[in-house]
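Read off the chains here:
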Amino acid sequence: MTKREQRTYQQDIVGDGISSIQKVREPRREESGQGIRYLLIGICVLFLFVMLVLPLIVVITNALRDGWAAYREAVFDEYTVKALQLTLLAAAAAVAVNTIFGVFASYLLSKFYFRGRQILAALIDIPFSISPVIAGLVFILTFGNVGWMGDFLKAHGIKIVFAVPGVILATIFVTFPFVFRELFPVMNAQGKDEEEAAALMGAGGFTIFRRITFPHIKWALLYGVILCAARALGEFGAVSVISGHLRGKTNTLPLHVEILYNEFNTTAAFAVSSVLVVLAVLILIARNVVEKFSRAKE
Amino acid sequence: MYVQMEHIYKTFDGFHASSDVNFGVEKGQLAALLGPSGSGKTTILRMIAGLDRPDSGEIMINGVRVNDLPGSKRGIGFVFQNYALFRYMTVADNIAFGLEVQKKSKKEIKSRVEELLELISMQDLGKRYPHQLSGGQRQRVAFARALAPNPQLLLLDEPFAAIDAKVRRELRTWLKGMIGRVGITSIFVTHDQEEAMEVADTIIITNQGRIEQVGTPDEICLHPQTEFVADFIDAARYEALAAARVAKELSYSGSQKLKSRYCSH
Ligand SMILES: Nc1ncnc2c1ncn2[C@@H]1O[C@H](COP(=O)(O)OP(=O)(O)O)[C@@H](O)[C@H]1O
Ligand SMILES: [Mg+2]
């Protein structure tokens, strides 16, 4: 492999490279280095313990404080199930919409040159830099009763704010850069030579995408989808503003946790939280599997 | 003339990549676009292929104006600078791609792929993936893939740039022989004077988006028409002599060969 290709292949590797961590060669041991190493390890472990492990233990112990029966009751409560359904629906919608959008946007920005592509790329990143609460407010100001499109929506009997469509819209908004962010560098590194070669042989756009582009991006795509789903499941701020907290109607799982907690129903709040924890763990596993597989392919 | 460029202009954001480009390549010839890096060689090749559109001017292939014809309808094969092999397809699938797109029958595709694998002496490597091949083998696959749909014109962008200096000469001879055997009109891009001198029937010298001179290697070497060409080819001689000096230290006969490659009459 030439240097250039090695570089490309490295860029192709999906994800953050955590699973390749064991491949880092051990530096030469020096007495002074040893001390620093242990100090850094100590700081990391302490930090992770306080920030992650301790809260997790608290969630689990509190969820089970009143025994299994109470736990099951909280988890299988009608409103909890409804909230879980809405959360999954919003996440599925966000993944579907953002996958399609992310593929189109990164294809456009990596394979075509036109004026304003930098600006477009920057616009796509906006949800990363805007506070979700503000995003929620913007939707209320746009689609709400007194909002910019309020009269139009009312006239057509469409309800977005304080309704399920609003929840879905807000979730899509806060997660829309994820797939794009994962795909764009991979597509960009691939260049457009292969596509041009295929086009010169007379292949159409869809054939080119299916046979040339897609095999190259599929792991990055899956990775982006997973990140997008993870973010969508946990979204609180934007959804909180736009949902109106209607129990059984527009409550998502994170909102439901907050309501239970505010009602001093701590055990139930933690029990429902544990459902989110389980979802998060599943996603973490999926993420690592994808990273492993994409690496094995190279 | 099989390929004819007439008053071609091309700008990229105000930068003149081609200015009044005029030249022709006759049927069956092997022509080299030779010039320093950034002088607009690739731009010319891409316009002939239909990958870029000239701002003005006419591109004629086989007497037909092709400006408005998509690249896939121009009857060309293109070998990209880094070969642009489809990295998720095997060698055989790479070669078959153009034929599959044309909806040729399975049997026809299979026999054509076998024929081409034989032509490039890679019969046993059809199942390999591009990353499992050496640079020279990749070049051969790119060549076979470009030839598969039976094009009338072959365009090659710096076909030897990505190849080890050691095997470059060998491949050069191989490619020239192959092109002669297939009998296809070909244009290749290079910034290496020696390469152009050795391989091409006609050399087209580019500089800052303009054509400086068109001629046979001997004409270019003996009668440079512009100061730029004289300088450029002089530099080449100088390089050859320097190379010859190095070669002399290795073997005397080697240096003799090197010297005689220039301006053979
Ligand atoms: N797509 C493009 N956009 C902007 N500038 C370009 C583009 N393609 C080529 N150029 C410019 O045109 C000039 C000639 O490029 P090129 O034809 O690739 O030169 P060569 O192949 O002789 O090295 C270069 O200065 C290059 O920067
Ligand atoms: Mg070039």
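**What about the overall build of chain B?**
Helix and strand counts for chain B come out as nine helices and 10 strands. Counting the 265 residues in chain B, one finds 53% classified as buried.

**Here's the deal with the packing of aromatic side chains**
Where two aromatic rings form a pair, the distance of their centres and the angle of their planes describe that pair. With the rule as written, the count across this model stands at 15 aromatic pairs over all chains. With 6.0 Å between their ring centres and 90° between their planes, Phe173 of chain A and Phe176 of chain A make a pair best called edge-to-face. Summarising the burial analysis for this pair, Phe173 of chain A and Phe176 of chain A share the class buried. With a centroid separation of 5.8 Å and an interplanar angle of 15°, the aromatic rings of Trp219 of chain A and Phe293 of chain A are classed as stacked. Of this pair, Trp219 of chain A sits in helix α12 (residues 205-234) while Phe293 of chain A sits in helix α15 (residues 266-297), and the two are 74 residues apart along the sequence. Taking the relative accessible area as the measure of exposure, Phe293 of chain A reaches 48% and is therefore partly exposed. Taken together, the ring pairs connect Phe101, Phe139, Phe143, Phe173 and Phe176 of chain A into an aromatic cluster. The ring of Trp174 of chain B is capped by Arg140 of chain B, whose NZ or CZ atom sits 5.9 Å from the centre of that ring.

**Details of unusual backbone geometry**
Backbone geometry at Phe264 of chain A places phi at a positive 60°, although glycine is not the residue there. Unusually for a residue other than glycine, Gln208 of chain B sits at a positive phi of about 45°. Looking at where Gln208 of chain B falls in the secondary structure, it is placed in the loop between β9 (202-207) and β10 (210-215). Look at Gln208 of chain B and you get exposed, because its relative accessible area is 65%.

**Focus on the site of ligand 1**
Residues and elements named next belong to chain B. For ligand 1, the full set of nearby residues is Phe12, Phe15, Ala17, Pro36, Ser37, Gly38, Ser39, Gly40, Lys41, Thr42 and Thr43. Contact distances for ligand 1 include 2.7 Å between an oxygen atom and a backbone N or O atom of Gly38. Within the backbone of Gly40, one N or O atom sits 3.0 Å away from an oxygen atom of ligand 1. Relative to its free-state accessible area of 550 Å², ligand 1 is covered by the protein chains to the extent of 60%. Elements represented by at least two residues in the shell around ligand 1 include exactly β2 (15-25) and α1 (41-49). Here the shell around ligand 1 takes three residues from α1, the largest share from any one element. Looking at the shell around ligand 1, its residues break down into four nonpolar, six polar and one charged.

**Here's the deal with the confidence of the model for chain A**
Predicted confidence across chain A gives a mean pLDDT of 86, with 89% of residues reaching 70 or more. This model gives residues 1-12 of chain A a pLDDT under 50, and the stretch forms 16 contacts once residues within four places in sequence are excluded.

**What to know about helix α3 (residues 106-119) of chain B**
Residue and element names in this part refer to chain B. Helix length check: α3 (14 residues) gives 20 Å between terminal C-alpha atoms against 20 Å at 1.5 Å per residue, within 8%. The complete set of buried residues in α3 reads Ile109, Arg112, Val113, Leu116, Leu117 and Leu119. Taken around the axis of α3, the buried residues stretch over an arc of 150°, which confines them to a single face. The exposed residues of α3 that point more than 90 degrees off its buried face are Lys107, Lys110 and Glu118. Positive backbone phi, approximately 55°, marks Ser121, located one or two places after α3.

**Let's talk about the interface of chain A and chain B**
Opposite the 23 residues of chain A that make contact, chain B presents 23 residues. Carbon and sulfur atoms supply 58% of the area buried between chain A and chain B, which totals about 2200 Å² over both sides. Our enumeration of links across chain A and chain B arrives at three salt bridges. Where Glu100 of chain B meets Arg211 of chain A, a salt bridge forms, and the shortest distance between an N and an O atom there is 2.6 Å. Taken together, chain A and chain B are joined by four residue pairs in polar contact (both at pLDDT 80 or more). At the level of secondary structure, the elements contributing two or more residues to the side of chain A that touches chain B comprise α1 (3-12), α11 (193-200) and α12 of chain A. Looking at the side of chain A that touches chain B element by element, the count peaks at seven residues for α11 of chain A. Class assignment for the residues of the side of chain A that touches chain B results in nine nonpolar, five polar and nine charged.

**Notes on the environment of Gly33 of chain A**
For Gly33 of chain A, the position within the fold is in helix α2 (residues 31-63). Along the backbone, Gly33 of chain A and Ile140 of chain A are 107 residues apart, and their C-alpha atoms lie at a distance of 55 Å.

**Observations regarding the sheet that holds strand β1 (residues 3-12) of chain B**
Across the sheet, which stays open at both edges, the four strands sit in the order β2-β1-β4-β5 (chain B) with antiparallel pairing between neighbours. The open sheet has two edge strands with one neighbour each: β2 and β5 (64-65) of chain B.

**A few points about the sheet that holds β9 of chain B**
Residue and element names in this part refer to chain B. The mixed open sheet is built from six strands, whose spatial order is β6-β7-β8-β3-β9-β10. The sheet is open, and its two borders are formed by β6 (76-79) and β10, each paired with just one other strand. Between one strand axis and the next, the sheet turns by 15° as a mean value, whatever way the strands run. For β9 and β10, the ladder comprises five bridges, and the chain directions are antiparallel. Opposite Ile204, over in β10, you have Val214 as the bridge partner. Packing against the sheet, helix α5 (residues 165-182) makes contact with β3 (30-34), β7 (153-157) and β8 (185-190), and its axis sits at approximately 165° to β7.

**Here we look at the confidence of the model for chain B**
Per-residue confidence for chain B gives a mean pLDDT of 88, with 88% of residues at or over 70. Confidence metrics for the complex model read pTM 0.79 and ipTM 0.86.

**Here's the deal with the pairing of β9 of chain B**
Residues and elements named next belong to chain B. Taking burial as the measure, the six residues of β9 include six buried ones, the bulk of the element. Of the two faces of β9, the one lined by Thr202, Ile204 and Thr206 and the one lined by Ile203, Ile205 and Asn207 are each fully buried. A loop of two residues connects β9 with β10, the two strands running antiparallel in sequence, and Gln208 in this loop sits at a positive phi of about 45°.

**Some thoughts on helix α9 (residues 164-175) of chain A**
Here α9 of chain A is 12 residues long and its end C-alpha atoms lie 17 Å apart, about the 16 Å a rise of 1.5 Å per residue gives. Listed as buried for α9 of chain A are Gly166, Val167, Ile168, Ala170, Thr171, Ile172, Phe173, Val174 and Thr175 of chain A.

What counts and how
Residues numbered from 1 in each chain as written. Chains lettered and ligands numbered in written order. Predicted model: local features only at pLDDT ≥ 70, side-chain atom pairs only at ≥ 80, totals over all residues. Heavy atoms only, no water. Helix = DSSP H or I, 4+ residues; strand = E, 2+ residues; numbered from the N terminus. Buried < 20%, exposed > 50% of the residue type's maximum accessible area, 1.4 Å probe, protein only. Phe/Tyr/Trp six-rings, centres within 6.5 Å; stacked < 30°, edge-to-face > 60°. Lys NZ or Arg CZ within 6 Å of the ring centre and 35° of its normal. Near = heavy atom within 4 Å. Polar contact = N/O pair within 3.5 Å; in protein donor to acceptor, adjacent residues only side chain to side chain. Areas by Shrake-Rupley, 256 points an atom, 1.4 Å probe, with all protein chains shown as cover. Nonpolar A, V, L, I, M, F, W, Y, C, P; charged D, E, K, R; others polar. pLDDT = per-residue confidence, 0-100. Contact = heavy atoms within 4.5 Å. Expected span 1.5 Å × (residues − 1). Arc of directions from axis to C-beta. Buried area = accessible area lost by both parts, 1.4 Å probe. Salt bridge = Lys/Arg side-chain N within 4 Å of Asp/Glu carboxyl O. Pairing = 2+ DSSP bridges. Axes fitted to C-alpha atoms, helices over the stretch in contact; angles between N-to-C directions.

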